[in-house]
Amino acid sequence: MMNRFPFRVTLITVLLSFAGCASGPGGGIYVPVGGEPAKAPEPPETSAEDEQRDSRVWRKSEQPEAESSREEPARSSSPSYRETGDGLSPAALSLVREAEQLLKQDNVSGAIARLERAQRIAPRSAEVYFKLSEAYVAGNQLGSAEQFTLKGLSLSGSDARLQRAGWLLLADIRRARGNVAGADQAEARAAAL
């Protein structure tokens, strides 16, 4: 048994040596069907004029005045939200009305399901988020209600009516959660509109 071990090591070493020699500096041992291995294309030739014209590399700070005289578009300092959120499509409006009926019947989980479908139909509608928040309040899930109200406020744009309703809803939710200072801040924001 001991005599076979050196023999195997020697055999493996010889085989690996031959495998290493199989691919030399000329490339691999595999040649495409066309005969010779593919060669890289020659670089394009340029004239002396092209080299002189392109030899100067311009940094942005060093560019001539003629190129830098282009005016950049004016950036507004206002936030990037839309002026108003998306309106409700007829399908989303129907789901919101169904959810209101389900809330009147104390079927909170059914109302939340309808409102989540409405949210998928109209994902940028602040009204859907506020209604969803009201449904979570009815289900005593005040953390989710506060988050959906904040999302609705972010989508309300410059619609003062929607913003006022959202801030008042947020004040009620925060007060129910015991956050009196946060509720007072939300009411102050609603009063400022």
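Here is a short report on the structure shown in this document. (Residues numbered from 1 in each chain as written. Predicted model: local features only at pLDDT ≥ 70, side-chain atom pairs only at ≥ 80, totals over all residues. Heavy atoms only, no water.)

1. Side note on the packing of helix H4 (residues 90-104) against helix H6 (residues 126-138)
At step 1: Two numbers describe how H4 lies on H6: the axes approach to 11 Å, and their chain directions differ by 15°. By the angle class used here, H4 and H6 are roughly parallel. Regarding H4 and H6, the two cross each other, and that crossing is left-handed. Here H4 contributes Val96, Glu100 and Leu103 to the contact with H6, which in turn contributes Val128, Lys131, Ala135 and Ala138.
At step 2: The residue makeup of the contact of H4 with H6, split by class, is five nonpolar, no polar and two charged. (Axes fitted to C-alpha atoms, helices over the stretch in contact; angles between N-to-C directions. Helix = DSSP H or I, 4+ residues; strand = E, 2+ residues; numbered from the N terminus. Parallel < 35°, antiparallel > 145°, perpendicular 65-115°, else oblique. Left-handed = near helix turned anticlockwise from the far one by under 90°. Contact = heavy atoms within 4.5 Å. Nonpolar A, V, L, I, M, F, W, Y, C, P; charged D, E, K, R; others polar.)

2. Here's the deal with the packing of H6 against helix H8 (residues 160-177)
At step 1: Their axes nearest at 11 Å, the elements H6 and H8 cross at an angle of 20°. With respect to their mutual orientation, H6 and H8 come out roughly parallel. You can see that H6 and H8 cross each other, and the crossing is left-handed. Contacts between H6 and H8 involve Ala126, Glu127, Phe130, Ser133, Glu134 and Val137 from the first element and Arg161, Leu162, Gly166, Leu169 and Ile173 from the second.
At step 2: Along the lines of polarity and charge, the residues of the contact of H6 with H8 split into six nonpolar, two polar and three charged.

3. Comments concerning the side chain of Thr149
At step 1: With respect to the helices and strands, the residue Thr149 is situated in helix H7 (residues 142-155).
At step 2: Apart from residues lying up to four places away in sequence, Thr149 is in contact with Phe130, Ser133, Gly166, Leu169, Leu170 and Ile173.

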